[in-house]
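# Observations on chain architecture
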Amino acid sequence: MKITVLYFAKLKAVRGVSQETFDTPCQTIRELYESLGLNGASGMPHSQVKPAVNESFCGFDTELNEGDVVAFMPPMSGG
Amino acid sequence: MKITVLYFAKLKAVRGVSQETFDTPCQTIRELYESLGLNGASGMPHSQVKPAVNESFCGFDTELNEGDVVAFMPPMSGG
Amino acid sequence: MLFALTTEPIDPPALQKKMLSLQAGAFCSFEGWVRDHHLGRGVLSLEYEAYAELALKEGERILSEARSKFDILEAASVHRTGPLQPGDLAIWIGVTAVHRAAAFEACQFIIDTIKDQVPIWKHEFYTDGTDEWVDPASCSCSRLHDH
Amino acid sequence: MLFALTTEPIDPPALQKKMLSLQAGAFCSFEGWVRDHHLGRGVLSLEYEAYAELALKEGERILSEARSKFDILEAASVHRTGPLQPGDLAIWIGVTAVHRAAAFEACQFIIDTIKDQVPIWKHEFYTDGTDEWVDPASCSCSRLHDH
């Protein structure tokens with residue numbers, strides 16, 4: 001299925017793009033995160049990352065659906 | 001001895017003037033307060049009033065000296 | 001003078017401008033505005049009276065105490081006196097700090113202590129034609145009803 | 001919209017003006033200013049990046065939560081995004097209430113929660129030529145060092 005992924009802050013730097021749209025066989029947010037290698041040495045462990053789908057926070061076990069817009073967010077540092 | 005007394009807020013209304021200078025035989029702030037009748041029915045009990053002498057808070061047992069400027073202050077309500 | 005009394009309208013942006021620095025990441029302010037009601041009565045206007053000499057001394061002492069008690073950079077306050085109307089600014093307090101928690105604590109300490117210890121009194125004039133020197137001690141619910 | 005993002009300088013007096021009412025005796029505000037140093041390093045400039053759609057939703061949710069949690073009248077906040085320099089205002093929060101204690105509590109709750117939960121990130125550029133995405137979780141002393 002085709003999804004769009006948004007990357008922010010350090011994860012944007014790790015991935016090298018702020019967003020991309022592609023076909024994926026992944027069933028969950030967790031599989032997607034790992035398939036992108038974002039939990040690797042240069043990335044961040046799941047525990048530090050908040051995922052969102054379609055502009056709402058969600059868990060890593062959330063299932064993916066066609067057309068979803070997924071976001072991976074490092075710890076926030078606004079304010 | 002000659003002293004000046006300042007009255008504020010409700011005590012000014014009770015006494016009818018904001019300040020006055022006069023000779024007094026009173027030895028302490030307490031005697032002065034009572035001689036002025038400010039602790040009477042239309043006035044305020046000592047417990048509610050803060051006295052000051054020469055621009056510093058003081059106790060009712062403070063002794064009076066020639067030329068002192070005494071102030072009697074109801075509970076504050078600024079801010 | 002970091003504590004001041006004024007009979008003119010208070011100008012918070014101008015006061016704040018004097019305090020800011022490149023070290024101050026956090027600024028907390030409190031403003032007390034004149035309301036149009038008090039304990040259920042309509043307020044037409046009011047007048048703040050101060051024992052100016054002592055109020056200035058006490059105000060400065062409270063700001064100094066805040067600076068030694070809390071980890072802040074600057075603290076300042078201006079209280080208006082004379083006639084005011086609903087919608088007028090009666091008091092302004094500004095605190096700068098490197099970190100926000102101290103700024104909040106100091107700002108709240110300053111307004112609480114000023115209300116309790118600085119010789120200023122509020123004379124309220126009501127819409128029904130009566131008037132009263134506000135006496136926080138005579139109202140058992142004063143802690144709930146002051147701003 | 002009571003929570004907003006802007007790439008333009010924040011104008012606190014204009015924002016406050018929209019909130020004041022004759023019922024509001026107490027106004028508390030918090031402002032976060034860009035400092036010229038962070039954890040001992042000189043800061044040349046910084047950039048705030050936001051996931052705007054989600055940040056706006058979260059910001060509104062936090063302001064709503066503050067209004068239901070505390071006895072306040074209004075709460076509003078604006079966060080600046082894009083490039084900023086030391087001395088620039090990064091965030092403004094204003095709260096009005098009838099009584100001051102609730103205004104202070106709500107204002108502190110709002111800034112604490114915004115920092116923790118609104119998807120905005122700070123990218124700092126240092127005087128030594130390096131840069132970093134600020135990661136509060138990676139710094140054991142983050143609670144002490146953020147503003």
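One can find the structure itself at the top, above this paragraph.
Here's what I pulled together on the structure shown here. Not measured: the values here are computed from a predicted model.

## So, the overall build of chain C
Within chain C, the secondary structure is distributed over four helices and nine strands. Computed over the C-alpha atoms, the radius of gyration of chain C is 16 Å, within 12% of the 15 Å expected from 2.2 N^0.38 for a compact globule of 147 residues. Referenced to the eigenvectors of the C-alpha coordinate spread, the extents of chain C come out at roughly 50 × 30 × 25 Å. Taken over 147 residues, chain C has a buried fraction of 53%. For chain C, the accessible surface area stands at approximately 6100 Å², while carbon and sulfur atoms represent 53% of it.

## Some details on the environment of D:Leu46
Residue and element names in this part refer to chain D. Within the secondary structure layout, Leu46 lies in strand β4 (residues 41–50). With relative accessibility at 4%, the residue Leu46 sits in the buried group. Put simply, Leu46 and Ile93 are 47 residues apart on the chain and 20 Å apart in space, counted from C-alpha to C-alpha. Those residues in contact with Leu46 that lie beyond four places of it in its chain are Val34, Gly82, Pro83, Leu84, Lys122, His123, Glu124 and Phe125.

## With respect to the sheet that holds strand β1 (residues 2–7) of chain B
Two strands in a sheet stick together by hydrogen bonds in their backbones, pointing the same way (parallel) or opposite ways (antiparallel). Residue and element names in this part refer to chain B. On the basis of which strands lie adjacent, the open sheet formed by five strands has the order β2-β1-β5-β3-β4 and mixed pairing. What marks the edges here is a single partner per strand, and that holds for β2 (19–23) and β4 (56–57). Note: strand β3 (residues 50–53) against β4, two bridges, orientation antiparallel. By the bridge assignment, Val53 is partnered in β4 with Ser56.

## Regarding the relation of the copies chain C and chain D
Mapping chain C onto chain D calls for a rotation angle of 180 degrees and an axial translation of 0.0 Å; the resulting RMSD is 0.0 Å. Such a combination of rotation and displacement between the chain copies is what one expects of a two-fold axis. The position closest to the rotation axis in chain C is occupied by the C-alpha of C:Ser29, lying 2.6 Å away.

## Focus on the nonpolar core
Soluble globular proteins tend to pack their nonpolar side chains together in the buried interior. Core analysis: the biggest nonpolar cluster contains 62 residues, and C:Ile110 and D:Ile110 have the highest contact counts within it. Filtering out sequence-adjacent residues up to four positions away, D:Ile110 remains in contact with D:Ile62, D:Leu63, D:Ala66, D:Ala75, D:Ile93 and D:Val95. Of all hydrophobic cores here, the second largest spans 19 residues; its members include A:Tyr7, A:Cys26, A:Leu38 and A:Phe60.

## Here's the deal with the packing of helix α2 (residues 52–69) of chain D against helix α3 (residues 100–117) of chain D
All names here are of chain D. Following both chains from N to C, one finds α2 and α3 inclined at 150 degrees, their axes separated by 10 Å at the closest point. Comparing the axis directions of α2 and α3 gives the class roughly antiparallel. Here α2 and α3 pass one another in a crossing that is right-handed. From α2, Glu58, Arg61, Ile62, Leu63, Glu65, Ala66 and Lys69 reach across to α3, where they touch Phe109, Ile110, Thr113, Ile114 and Gln117. For the contact of α2 with α3, the class distribution of residues is six nonpolar, two polar and four charged.

## Quick look at the sheet that holds strand β2 (residues 26–33) of chain C
The strand order across the open sheet built from eight strands is β1(C)-β5(C)-β7(C)-β2(C)-β2(D)-β7(D)-β5(D)-β1(D), with neighbouring strands paired in mixed fashion. Both outer strands of the open sheet, β1 (3–6) of chain C together with β1 (3–6) of chain D, are each paired with one neighbouring strand and no more. Ignoring which end each strand starts from, the neighbouring axes of this sheet average 10 degrees apart. Strand direction decides the pairing type here: β1(D) and strand β5 (residues 74–80) of chain D, joined by four bridges, are parallel. Bridge assignment links D:Ala4 to a residue of β5(D), and that residue is D:Val78.

## What about the state of the cysteines?
Throughout the structure, instances matching the rule amount to zero disulfides over all chains. Counting only cysteine sulfurs, A:Cys58 is the nearest neighbor of A:Cys26, a cysteine outside any disulfide, at a range of 14 Å.

Criteria and thresholds
- Residues numbered from 1 in each chain as written.
- Chains lettered and ligands numbered in written order.
- Predicted model: local features only at pLDDT ≥ 70, side-chain atom pairs only at ≥ 80, totals over all residues.
- Heavy atoms only, no water.
- Helix = DSSP H or I, 4+ residues; strand = E, 2+ residues; numbered from the N terminus.
- Rg over C-alpha atoms; globule rule 2.2 N^0.38 Å.
- Buried < 20%, exposed > 50% of the residue type's maximum accessible area, 1.4 Å probe, protein only.
- Areas by Shrake-Rupley, 256 points an atom, 1.4 Å probe, with all protein chains shown as cover.
- Contact = heavy atoms within 4.5 Å.
- Pairing = 2+ DSSP bridges.
- Least-squares fit on C-alpha atoms with pLDDT ≥ 70 in both.
- Core = buried A, V, L, I, M, F, W, Y, C linked by side-chain atoms within 4.5 Å.
- Axes fitted to C-alpha atoms, helices over the stretch in contact; angles between N-to-C directions.
- Parallel < 35°, antiparallel > 145°, perpendicular 65-115°, else oblique.
- Left-handed = near helix turned anticlockwise from the far one by under 90°.
- Nonpolar A, V, L, I, M, F, W, Y, C, P; charged D, E, K, R; others polar.
- Disulfide = S-S within 2.5 Å.

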